[in-house]
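# Structure assessment
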Amino acid sequence: MAKSNNKTDQKTVRQPMPAKEKPEQRSATEEQHFQKRFEKHMDELRWLYMELYDNGDMYAELIEQCKAFYKERNNELKALDLSREKNPGWYKQNDMLGMMLYIDNFAGNLKGVQEKLDYLVKSNVNYIHLMPFLDTTEGKSDGGYAVSDFRKVQEKLGTMEDLEQLTMACHKKDMSVCCDFVMNHTSADHDWAKKARSGDGEYMSRYFFYDNAEIPNQYERTVPQVFPATAPGNFTWLEDAHHYVMTSFYPYQWDLNYRNPRVFNEMIYNFLYLANRGIDIIRIDAVPYIWKELGTNCRNLPQVHTIVRMMRMISEIVCPGVLLLGEVVMEPERVVPYFGTIEKPECHMLYNVTTMATTWHTVATRDVKLLKQQLDIINALPKEYVFLNYLRCHDDIGWGLDYDMLAKDGMLEIPHKKYLNDYFLGIAGDSNSRGELYNYDPVTQDARFCGTTASLCGIEKAGFEGDEQAMEKAIDLDIMLHAYMFMQSGIPILYSGDEIGQVNDYTYKEDVHKREDSRYLHRGAMNWDNAKKVADSQSVEGRLYHRLQTLLKLRKSHPAFVSNADAWTLPTYEQGVLCMGRYYDGEKILGIFNFSEYNKTAWIHETDGEYVDLITGNKMTASGVNVPGYGFYWLRLEYDVVDQGKE
Ligand code: GLC
């Protein structure tokens, strides 16, 4: 949402049109807005569309519908669009803090979330990601990522009106709302899928249907598996329809065929429909998978980028206040192209997935070398690129690390992944973590990992064993990781419950629909009784919550934390200690983070002046800094020796 201290923006939002303007004048100006935006993009949009589909009628229909969705968009949203167009960096400020939450886990339903907005505001959150809430079939939902109706809210969560009420209420509090747009597939219970299943050719052509195994087998030769253990293979045989259908994810998630312009057009209409409900950030789910080509791995194909670029242009024409967040869980060289180029941008924001995985590798190895390299890669990218930084999300941690680099230090992929999994299972490397494997593949011996931040940091184990000393360490690790994450360039996102150190929830094992999918381990319901304990500053929840809030408040009040500040790393000559620097508008901050449980010294030597530790207010020199086990500093350069000399 717009930077909260930007008064002009707020004014624009609340007064969508000048008082004396007549309705017909207003619609004439509105028409002009649309036309101006359309003219900016029409050549490129038409070019890309025709290149992909060579279908002028469908293109004309698309533009007509864009106009219709623009017309339908309400005045408040249109005003927000205008103010964001004037301030395109609105989401790059240092006050941004996201939280992702499941509506039912967090507050029962959409109305419940609205009632909890004050808690979120108090927790410094100004952007919420509502996990999938569209209609889906219980037991065949993949956590809501198998959508059976893109225009209907799951009954247990409420209605579209509730969603609109919620987005409006959020906007009043300067809070943005993000939702998923699951565009790679529909549920097998979606209307199109039902018609396709019954043999209707028009609908079969919206998916990938084959009446024999020949082509599916050819695909299987080159396409990796997403869920090798829980849903092996990329196709599902439909006994009743006597056809194979492509299902890259679960058998009830049918891949859409974007070669068919009807699919593209209709999905864009669904996208615009959601945008018009007041959604500010649209997370395009599993986007690398949306284009399939025999003989390839069906990931990140050039047509995917054409589609995302078209989506970007369409949203800039119809709803320019809306941001695209790409879910690209891939290696870094595949992730960055989803930003597009500066002239032809695709996504506004992407997840910093490799940094996240590398962070947990660093916890398990107490060696910051790879993390430092990873941060250097990110820091070298154009500052326009905005990453979403996070420690945990609703998915597993995939060990997508730079194994070529690790091999140089003797860490080979298979044994290293095994070490990481063993570490987080709590059975190797002096670990206090608790968690579970995800999709263990006996053939490749590959597995990913599940668990909440708190459990991976040792809070669950220490609590269970009543070990106060271990608890102290676990909380320190948890806070240090957040402090380091808040210092990365971009937008930090918390996973709901992390602010109070919520631990793993094992009850999913009792649910037949969930027990095969260990991601539910970290998808437990928010424990509001525990949340109340933050009032007690001695409780685990209180200690975590208040320390986190202190960091968040500092982050908001220091310009060096803005997304486009200069950012760099410094060598510390100490394996377990990471040092990051940030500079913006005269302010310099150094972050020093000890990833080991032992006291260490960061052998840095910054002689530019005296520093102050932002947390304690103590004056310090940034030279040979002693850092307690799992401790950290945020040091701000108080005055410059050179400047002082001048006075
Ligand atoms: C994304 C989601 C994940 C889901 C998958 C299939 O990766 O984050 O939870 O299983 O898409 O839609």
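Residues numbered from 1 in each chain as written. Predicted model: local features only at pLDDT ≥ 70, side-chain atom pairs only at ≥ 80, totals over all residues. Heavy atoms only, no water.

A count of helical and extended segments in the chain gives 24 helices and 23 strands. Along the first, second and third principal axes, the C-alpha set of the chain runs to 70 × 65 × 45 Å. Relative to all contacts within the chain whose residues are 6 or more apart in sequence, the contacts with residues 24 or more apart total 71%. Counting every atom, the chain has about 26,100 Å² of accessible surface; 50% of that belongs to carbon and sulfur. Positive and negative charge centroids in the chain, built from 72 and 95 side chains respectively, lie 4 Å apart. (Helix = DSSP H or I, 4+ residues; strand = E, 2+ residues; numbered from the N terminus. Contact = heavy atoms within 4.5 Å. Areas by Shrake-Rupley, 256 points an atom, 1.4 Å probe, with all protein chains shown as cover. Lys, Arg positive; Asp, Glu negative; His and termini not counted. Charge placed at Lys NZ, Arg CZ, Asp CG, Glu CD.)

Within the structure, the ligand sits among 13 residues, and Asp142, Asp285, Glu327, His394 and Asp395 are positioned closest to it. Asp142 is positioned such that a nitrogen or oxygen atom in its side chain is 2.6 Å from an oxygen atom of the ligand. One nitrogen or oxygen atom from the side chain of Asp285 is found 2.9 Å from an oxygen atom belonging to the ligand. The protein chains hide 94% of the 310 Å² of surface that the ligand would expose on its own. Tallied by class, the residues present in the shell around the ligand amount to 3 nonpolar, 3 polar and 7 charged. (Near = heavy atom within 4 Å. Polar contact = N/O pair within 3.5 Å; in protein donor to acceptor, adjacent residues only side chain to side chain. Nonpolar A, V, L, I, M, F, W, Y, C, P; charged D, E, K, R; others polar.)

Once that is clear, we can look at the packing of aromatic side chains. Under the definition given, this model contains 36 aromatic pairs. Ring geometry for Phe106 and Trp528: centres 5.2 Å apart, planes at 65°, overall edge-to-face. One end of the pair, Phe106, is in helix H5 (residues 103-107); the other, Trp528, is in helix H22 (residues 528-532), with 422 residues separating them in the sequence. Judged by its relative accessible area of 22%, Trp528 falls in the partly exposed class. Clustering of aromatic rings is evident, with ring pairs tying together Trp360, Trp399, Tyr419, Tyr423, Phe424 and Phe449. One Lys or Arg, Arg84, reaches over the ring of Trp90 and ends 3.8 Å from the middle of that ring. Between the NZ or CZ atom of Arg523 and the centre of the ring of Tyr520, over which it lies, the distance is 4.9 Å. (Phe/Tyr/Trp six-rings, centres within 6.5 Å; stacked < 30°, edge-to-face > 60°. Buried < 20%, exposed > 50% of the residue type's maximum accessible area, 1.4 Å probe, protein only. Lys NZ or Arg CZ within 6 Å of the ring centre and 35° of its normal.)

Another point: helix H18 (residues 413-425). With 13 residues, H18 ought to run about 18 Å at 1.5 Å a step, and its terminal C-alpha atoms sit 18 Å apart, in line with that. Buried residues in H18 make contact with helix H15 (353-365), helix H17 (403-408), strand E15 (436-441), strand E16 (446-450) and helix H19 (453-457). Directly beyond the C-terminal end of H18, a positive phi value near 90° is found at Gly426. (Expected span 1.5 Å × (residues − 1).)

All right, on to the sheet that holds strand E14 (residues 386-390) then. Strand pairing in a sheet relies on backbone hydrogen bonds, with the paired strands running either antiparallel or parallel. In space, the 8 strands of this closed barrel follow the order E1-E2-E5-E11-E12-E13-E14-E17, with parallel pairing throughout. Across this sheet, the average inter-strand angle for adjacent strands is 25°, counted without regard to direction. As defined by bridge partners, E14 adjoins strand E17 (residues 491-495) across 3 bridges and the pair is classed as parallel. For Tyr390, the partnering residue across the bridge sits in E17 and is Ile493. (Pairing = 2+ DSSP bridges. Axes fitted to C-alpha atoms, helices over the stretch in contact; angles between N-to-C directions.)

Strand order in the open sheet made by the 3 strands is E7-E9-E8, with antiparallel pairing throughout. Because the sheet does not close on itself, it has two edges, and the strands there are strand E7 (209-210) and strand E8 (235-238). Here E8 runs beside strand E9 (residues 243-246); their pairing, made up of 4 bridges, is antiparallel. Bridged to Leu238 within E9 is His243.

The next thing to look at is the domain arrangement of the chain. Once the domains are mapped, the chain shows domain 1 (191-255) and domain 2 (565-646). Using C-alpha coordinates to define each centre, domain 1 is positioned 54 Å away from domain 2. (Domains from an automatic or database assignment.)

Consecutive side chains along a regular strand alternate between the two faces of the sheet. Burial along strand E11 (residues 281-284) is two-sided: Ile281 and Arg283 facing one way and Ile282 and Ile284 facing the other are all buried. Examined bridge by bridge, strand E5 (residues 176-181) and E11 share 4 bridges and lie parallel to one another. From the neighbouring strand, Cys179 faces E11, where its bridge partner is Ile282. Where E11 lies against strand E12 (residues 323-326), 4 bridges are found, and the strand directions are parallel. Following the sheet pairing, Ile284 is matched in E12 by Gly326.

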